[in-house]
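Below, each chain spelled out in residue letters.
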Amino acid sequence: MRKNHYIMRFQKGWKIFIKNPLGKTGLFILFVFLIMAFASFFVPHIGPMYDPMTGTDPNIKVSTYPSLSHWLGTDNVGRDLFAQLLEGAKVAFIVGLSSAFISIVIGTAIGMISGYAGGIIDILLMRIADIIMVMPSLVILLILASIFGQFNIWIIVFIIAILRWPAVSRIIRSQTLSLKHRPFIEASRVAGASNIRIIFRHIMPNVLPLAFLYMTFRVTSAILVEAALSFLGFGDPSQVSWGMMLQWVWKTGHMFQAPYWLIPPGVCISLLTLAFYMLGRAMDEVLDPRLRKEGQA
Amino acid sequence: MVVFVALLFSCQKTSKSTLIKIGLPEEPKSLNIWLSSDANSKKILDQIYQPLYTRDPNTLEIIPWLAKEDPVFNEQELSYTVKLRDAKWSDGSQFTSEDVLFTKKIFFDFKIPRYYSTWKVIKRIEAPDKQTVVFYLNEPSAIFISRVLTTSIVSKKEWEQVAAKAIETEKPLRFIQDYLVEKPLGTGPFTLFEYKKGAYLHMKKNPYFFGTGKKIAGFLLGPYVDSLLFKIYGTSDVAILALKKGDIDFYWWDIQPGYLEDLKKQDNIKIFLNKKSALYYMGFNVRKPPFNDKILRQAIATLIKKEFILTRILQNYGTPMHSIVPEGNQFWYNPNVEKFGHGQTPEERIKAAYHLLKTAGYTWEIPPLDDQGNIVKASGIRLPSGDPMEKFVILTPPADYDPKRAFAGTMIQEWLRDMGMPAFARPMSFNSLIDTVKGTHEFDAFILGYGHLNLDPDYLRSFFSSENDKPRGWNMSGYKNPDYDALADQQISIIDIEARKKMIWEMQKIIIQDVPYIPLYNPHIIEAVSTDRFGGWIEEVDGIGNIWSLCMVKPK
Amino acid sequence: MRNQKFIFRKFIEIFTIFFIILTVLFFLFRLAPGDPVSKMVDPTLTPEDTQHMIEQLGLDKPAHIQYFIYVKNFFSGNLGRSFHYGEPVSTIIMDKLPCTVLLFTTSTLLAAFAGVFLGKIAAWSKGSGLDNFLSISALVCHTLFIPWFALLLLWILAYKVGWFPLGGIISPELWIDDASVFMKAIDVVHHMLLPLATLFFIHLGSYLLLMRSSMLSVLREDYIITARAKGLSEKVIRNKHAAKNAALPVITSVGLSLAFSINGGALTEQIFTWPGIGRELIFAVSNNDYPLAQACFLLIAAVVLIANLVVDLLYAYLDPRIRY
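Note that the structure is a prediction, hence the values are computed from the model and not measured.

**A short note on the interface of chain B and chain A**
In this assembly, 19 residues from chain B lie in contact with 26 residues from chain A. Summed over both sides, the interface between chain B and chain A buries roughly 1,900 Å², with carbon and sulfur atoms accounting for 58% of that surface. In this structure, the connection of chain B to chain A is made through 0 salt bridges. Counting across the interface, chain B meets chain A through 0 residue pairs in polar contact (both at pLDDT 80 or more). Ranked by residue count, the leading element in the side of chain B that touches chain A is helix α13 (residues 403-418) of chain B, at 3 residues. Class assignment of the residues belonging to the side of chain B that touches chain A gives a composition of 7 nonpolar, 8 polar and 4 charged.

**Examining the sheet that holds strand β7 (residues 122-129) of chain B**
All names here are of chain B. Spatial ordering of the open sheet is given by β5-β6-β8-β7, a layout of 4 strands whose pairing is antiparallel. Looking at the sheet topology across the chains shown, the edges are occupied by β5 (72-74) and β7. For this sheet the average axis-to-axis angle between neighbouring strands, irrespective of direction, equals 20 degrees. Bridge count for strand β6 (residues 79-83) against strand β8 (residues 132-137) is 5 bridges, and the pairing is antiparallel. The residue of β8 that forms the bridge with V82 is V133. Seen against the sheet, helix α3 (residues 97-110) touches β7 and β8 and runs at an angle of roughly 160 degrees to β7.

**So, the confidence of the model for chain A**
All names here are of chain A. Averaged over every residue, the pLDDT of chain A is 81; residues scoring 70 or more account for 89%. Within chain A, the lowest mean pLDDT, 68, falls on helix α1 (residues 2-19), and the highest, 89, falls on helix α3 (residues 81-117). Across residues 293-297 the pLDDT falls below 50, and counting only partners more than four positions away or on other chains, this stretch makes 6 contacts in the model.

**A closer look at the interface of chain C and chain B**
Listed as interface residues are 52 residues of chain C and, on the opposing side, 54 residues of chain B. Here chain C meets chain B over a buried area of about 4,700 Å², counting both sides, of which 61% is carbon and sulfur. It is Q56(C), E173(C) and I176(C) that lose the most area in chain C upon contact with chain B, and together they represent 13% of the buried surface on that side. Taken together, the connections running from chain C to chain B amount to 3 salt bridges. Note that K470(B) is salt-bridged to E48(C), the shortest N-O span being 3.3 Å. The tally of links from chain C across to chain B stands at 5 residue pairs in polar contact (both at pLDDT 80 or more). Contributing elements (two or more residues each) for the side of chain C that touches chain B: α2 (36-40), α3 (47-56), α8 (172-176), α9 (181-219) and α13 (277-286) of chain C. Among the elements that line the side of chain C that touches chain B, the one with the most residues is α3(C), at 10 residues. Each residue belonging to the side of chain C that touches chain B can be placed in one class, and the counts come to 24 nonpolar, 15 polar and 13 charged.

**Overview of the sheet that holds strand β21 (residues 392-396) of chain B**
All names here are of chain B. Taken in spatial order, the 6 strands of this open sheet run β18-β24-β17-β23-β21-β22, and their pairing is mixed. Each end of this open sheet is capped by a strand with a single partner; those strands are β18 (318-320) and β22 (423-427). For this sheet, the mean angle separating the axes of adjacent strands, direction not counted, is 25 degrees. Relative to strand β23 (residues 445-450), β21 runs parallel, the two sharing 2 bridges. Bridging across to β23, L395 finds its partner in F446. With respect to the sheet, α13 is in contact with β17 (279-284), β21, β22, β23 and β24 (517-523), its orientation differing from that of β22 by roughly 170 degrees. On the sheet, helix α14 (residues 430-440) packs against β21 and β23 and is oriented at approximately 110 degrees with respect to β23.

Reading the values: the criteria
- Residues numbered from 1 in each chain as written.
- Chains lettered and ligands numbered in written order.
- Predicted model: local features only at pLDDT ≥ 70, side-chain atom pairs only at ≥ 80, totals over all residues.
- Heavy atoms only, no water.
- Contact = heavy atoms within 4.5 Å.
- Buried area = accessible area lost by both parts, 1.4 Å probe.
- Salt bridge = Lys/Arg side-chain N within 4 Å of Asp/Glu carboxyl O.
- Polar contact = N/O pair within 3.5 Å; in protein donor to acceptor, adjacent residues only side chain to side chain.
- Helix = DSSP H or I, 4+ residues; strand = E, 2+ residues; numbered from the N terminus.
- Nonpolar A, V, L, I, M, F, W, Y, C, P; charged D, E, K, R; others polar.
- Pairing = 2+ DSSP bridges.
- Axes fitted to C-alpha atoms, helices over the stretch in contact; angles between N-to-C directions.
- pLDDT = per-residue confidence, 0-100.

Here's what the structure looks like:
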């Protein structure tokens, strides 16, 4: 019974979504980047010279313009820039999606607990959420970088997630509040179900889809923060990411001489962020009927 | 906006032709000589505070500077008598032996970092008259002239009161280091006129400089410019652009080879290439497996293709290093140390390393040489004990900090993997790297460097004697060799320079044989000037950014 | 009186939060792995020198004693001494703060005004070519990667065309030649234009979009329909009634999106070597200059907390229902 309901809702939402030009464009751009990310797995197999981190062209020792063997040219030690760009796509997705996922898990849990428990727990959790939400994440990561030194890419992902769950928890909390007094919840309570059980078995399935819907903004902020951190030189130096590429072009002095190196990573970051943002706005329309153009149901 | 530009152009008066503009990559840390240790503060302070003796830029010999002549050594008393030149401080007051005595007093009273450790060999110091100082030593010291007498002397007048106040406080060193120095008194060619934090430093010619008009080290000294304007730039990019546009005449920093092509295209830019007294090397942790085995280290030394590093990573701007002492330091460098793999083809290197290891008992799942004697990619190397070699990590600075070292690590990783070794090069933030390698000692191998090695080779003792194997100590690899220790302790007290040279040579031989460090390369220092307005730069080891240049550079 | 109690309670709240952040930060630094103390001291020193410096800097005392000293000093205005510069941290911050404030407030004000103005127009001409153009431009601006955009501006406008300086805040030659105050001011403005442009465009995007959607929802409100029915001209309706109300969320979002602006500000300062707090923080972090890094961070935290307090109070003032 419930499954069909979900599928119907999804199909309805999809129809609205796909009509939206923002949604269409966003999805298309995202698709292109996904292909890039998958391609990055195959590139090193073409030849060791194309490894984004260690591959060097035996004939090329300096940064060069795009050519047949190097579609975007090479960086200052002869590594293929296009391979780096593809690798960066992979890293961007991994960072964005995992960070978003973790913050949704945390945010949903806290949002549900806060909304359901109410009272002092609610106030406390939401105050913490408020404080975390207003803190500039880049600055916090910088401070942590100075204390703990080196950051591994997963630690960066995790810390970004910890700084970004509040927005999720707010939405989940209000949804939980409205669900709290629904008859089926009351019934479970009367039947003697423990609070934990109620939260995770009954409320969660109803709020989770909402959480994932708002995931897009978490993804964009994770990608942007990681890129900024890498750009400043505090990222994971054993990872090639778009932010790292920008850092290398900046720090090795090729900023003014190598537009083929400077422009692509930045364009990619902006485009990917744009794509997710468009997706998010299109989903807004799905969820909020008022935003739809006149003539759509 | 066009209005802005027009206004700006109209407002800019023509700058005086005897103002030379020098770009700095970073703000100087502090103008307080007791606190500042960074390269950029030194650039400023070296034009102000002067030592008794300095090095001739061409011969590298020690010559008198604030002193009038060579020191006279008395073997029975273990004393050095130094006669002072007739010189004045920048406020016109006379430079006397009291200033030297006072400097020594500060070093001892406050245990000034970096200086006290070398000056403590002085038992007592006397000033028979205003122009003479006599140093009495506790024991003979080989480095007294080259290290102790080349320390800058400060003015008693400037520091007397501050020192007296500082001694009374609970933390005297902190007090004197935190003292805000605004107009340092010096005996050098320039004085500080204005310092606008974050933007620029304006120095003017010191009318009382003792060198003006005198011929020292073959140069008739000026300075021939009225002022120095140091402009602070945040990034090399911007500074080099400024150089190209003529906003500065000299960028005082090492330029990455990547900029050279672009700079060479401009006619009015002159590029200087000089050797550095530097050492960039791979170090091992010899305290634990697998690098506690000398044979393994020698095999790795055989496998590292230094020529590749030179051409590929340094773009030929440098020299390969075979010893811990740079080749350019001709007197102390031992050219007869063992050069593993030198001149061999890659295949010969693999064969040589293979034989070394095989004889020592190493085995492989797939050896690098198959039954027909062809070279294959090896895998699964096993220690003589039979256990497989565990994965090891080669730590390097990050690519943005030093692309050369980071990349060398990557290449070495590949070469070692070809031999079946589970090598992993890992970039690590510089501070963490130092902390791990010097502090916790939890590492396998690393690639680091010393950009400014003293011309005196006493650092051989610092790097390798057993007593320095401690947290924060300089012996990072944990090398312990009692024979070496004996030599190291002896050489520091030998006055006879030829006898000392024999010991230094022997020490190098031992180290290169035992390879706790594999020296990799010595990069050239690349600097550029604009030739439009000034000329007469003096080259020496470590580049043209030195006091001789600033005293000799003339407007065209 | 109720107002005052509310405000007072808010202040206590902010203060407590700030204090907690201060404490957490302090102990976090002490928890750093490895030997945090010798990291702070110049690694080129001998072990004896290092030990001596550590004693002199008071880093050998137990953590809780250092904490009390720190707190005591903090509230008497002494933020400690920078490990790197040796100068009092408060002096360094006072030096850098005006630059950041100048850049920040100018760019925010300009972006907010432009965003409100253009968003109003976009909403009013909804669906038209102009609206599409503005909306899409705003979207693109909003998602630009700041360092990249800044580098691009630097490359094209400062390097290729040469209209602007490559960074910094003043041209030293002008200042040592003793130019007039007017010329010096022009010099600073000239240096500020590119970082200003960067921040302006980035924020314009979000303010424009926000104003647009806010305006659209206001335009659906009943009182607008009433105003139209009353026969007021479109222009008057748009400017006097709708825009004024629609602008409110934009104003409050300035405060709420402060975190985003600060991140962007720090990046911009770094690229244009604008000598502000953001750049100083990044520099302090790279040098393990803990007192300076700590102080910069606390300053930023304080600004964020106060800004949010102001926004909270504004909301409370406007909407009497929100009082808890």
